[in-house]
Amino acid sequence: MSTENLPQSPDQPPRKPRVAVVFGGRSSEHGISMVTAGAVLRAIDRAKYDVLPIGITREGRWVLTADEPERMAITDRRTPEVEDLTDSGEGGVVLPVDPANREVVYTEPGSVPKALGEIDVVFPVLHGPYGEDGTLQGLLELSGVPYVGSGVLASAVGQDKEYMKRVFTSFGLKVGPYVVIRPREWEQDESAARKKIIDLAGDHGWPLFVKPARAGSSIGITKVDDLSGLDEAIAEAQRHDPKILVEAALRGREIECGVLEFEDGPRASVPAEIPPPDTHAYYDFEAKYIDSTPGIVPAPLTPEETAEVQRLAVDAFEAASCEGLVRADFFLTEDGEFVINEINTMPGFTPISMYPQMWQAGGISYPDLVDRLIQAALRRSTGLR
């Protein structure tokens with residue numbers, strides 16, 4: 001539904017749509033989710049929308065937070081925490097799992113639950129497991145509450161790098177060489193699991209990139225230059241996810257492209273290039289968020305290369321049944337071929353993040369981008385579609 005079609009009482013003036021911005025969460029990307037939420041809260045047009053900030057602590061408790069986006073920034077190389085923005089250590093927020101009732105309730109031990117009013121749409125800016133991976137989307141589907149971004153399936157596929165690659169391959173998109181080590185494999189026979197990785201290096205050479213299979217923001221990733229660093233890299237990845245993915249290095253340029261859903265379908269942004277950072281071995285968490293390594297927007301590509309990566313980005317969006325938005329990451333190899341690395345169904349959305357920068361280069365400002373995403377969610381129904 002659109003803003004204009006919200007149900008109104010004839011005796012009351014039209015009310016603004018109410019947007020619940022949900023952030024934080026239980027994953028390793030809690031802090032980056034906070035930074036993203038701060039930027040979104042600053043950008044939402046308060047003359048057009050009412051806003052309810054809801055934080056999820058690292059333990060998974062939903063809480064009311066202060067609407068103070070200036071406190072949701074990286075300070076002294078430290079990312080913020082949901083607990084920094086809430087006064088109550090015991091109160092919690094409950095979203096009824098009832099499509100006929102969108103009212104949010106605040107509860108506190110020993111007190112009568114307090115109704116906080118209905119919400120019309122959720123803007124979930126959670127990154128990683130327990131939020132970006134379809135779990136929150138499933139809850140919102142059960143609740144009948146529209147939300148920004150992809151649904152359950154696309155969110156799950158976009159979070160799990162193994163199945164993401166399997167989907168892309170089935171749709172004819174080219175992916176790089178990789179192996180997956182599942183937790184049961186590691187538990188039953190570490191030697192055999194390790195041999196799979198060594199065989200990958202034997203076939204494609206070092207370095208390898210060892211990653212958590214279901215994490216983002218480059219957290220838990222290690223570039224391994226030889227066998228001596230492999231065990232430490234595996235342990236680091238398993239600290240974030242018991243299932244790990246190991247990829248062969250691809251020689252080429254890193255190219256990113258945004259996809260945004262318009263009323264007539266998804267469209268691609270101008271692409272960007274991520275140059276190799278001067279002070280980091282690769283584009284890791286600190287290079288992205290702490291030292292803010294700048295990307296090049298638009299990427300210096302030929303018109304043919306630009307059109308090709310834009311086409312492939314939309315193809316990836318459609319292959320995974322995405323909605324709302326996606327950032328698609330590619331390598332442009334030395335022989336001129338685009339290889340897709342991954343998609344992010346809720347990409348970094350901070351002011352320095354590449355997704356909003358790419359759209360800004362195409363004429364869509366950050367506040368307008370946020371508004372377009374909210375309007376798209378309001379137009380879309382929950383349930384099968």
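Keep in mind the model is a prediction, meaning the values are calculated, not measured. (Residues numbered from 1 in each chain as written. Predicted model: local features only at pLDDT ≥ 70, side-chain atom pairs only at ≥ 80, totals over all residues. Heavy atoms only, no water.)

> Would you take a moment to explain the nonpolar core for this structure?
Most often, soluble globular proteins have nonpolar side chains that are buried together. Ranked by internal contacts, the top residues of the largest apolar core, which has 36 residues, are Val 21, Val 40, Ile 44, Phe 123, Phe 349, Val 370 and Ile 374. Mapped by element, the contributors of at least two residues to this core are strand E1 (18–24), helix H1 (30–43), strand E7 (121–124), strand E12 (252–262), helix H10 (354–361) and helix H11 (366–379). When we break this core down by domain, the ones giving at least three residues each are domain 1 (18–147) and domain 2 (158–175 + 251–378). The residues touching Phe 349, leaving out its near neighbours within four places in the chain, are Thr 36, Ala 39, Val 40, Leu 325, Tyr 355, Tyr 366, Leu 369, Val 370 and Leu 373. Within the second largest apolar cluster, 27 residues are counted, among which are Ile 255, Leu 301, Ala 319 and Ala 328. (Core = buried A, V, L, I, M, F, W, Y, C linked by side-chain atoms within 4.5 Å. Buried < 20%, exposed > 50% of the residue type's maximum accessible area, 1.4 Å probe, protein only. Helix = DSSP H or I, 4+ residues; strand = E, 2+ residues; numbered from the N terminus. Domains from an automatic or database assignment. Contact = heavy atoms within 4.5 Å.)

> Help me understand the pairing of strand E9 (residues 208–212) in this model?
The two faces of the sheet receive side chains in turn, since in a regular strand these alternate between them. Among the 5 residues in E9, 5 count as buried, and that is most of the element. The side-chain alternation of E9 yields two buried faces, one formed by Leu 208, Val 210 and Pro 212 and the other by Phe 209 and Lys 211. Both E9 and strand E11 (residues 244–248) contribute to a ladder of 5 bridges, which runs antiparallel. Note on E11: the bridge partner recorded for Lys 211 is Leu 245. (Pairing = 2+ DSSP bridges.)

> Help me out: how do you make sense of the UniProt feature "active site" (unreviewed entry) in the chain in this one?
Mapped onto this numbering, the UniProt entry annotates "active site" (unreviewed entry) at Glu 29, Ser 217 and Ser 353. You can see Glu 29 is positioned in the loop between E1 and H1. As for its position among the elements, Ser 353 is in the loop between strand E16 (338–344) and H10. Judged by relative accessible area, Ser 353 falls into the buried class, the value being 8%. (UniProt positions renumbered as here; feature names shortened; annotations may be inferred.)

> Please explain the domain arrangement of the chain as it appears in this structure.
Put simply, an interface is often sized by how much accessible area is lost when its parts join up. Structurally, the chain comprises domain 1 (18–147), domain 2 (158–175 + 251–378) and domain 3 (178–248). The centre of domain 1, based on its C-alpha atoms, is set 33 Å off from the matching centre of domain 3. Contact with domain 1, which involves 4 residues of that partner, is made by 6 residues of domain 3. Overall, the association of domain 1 and domain 3 removes approximately 370 Å² of surface from exposure, summing both partners, and the carbon and sulfur fraction of that is 51%. (Buried area = accessible area lost by both parts, 1.4 Å probe.)

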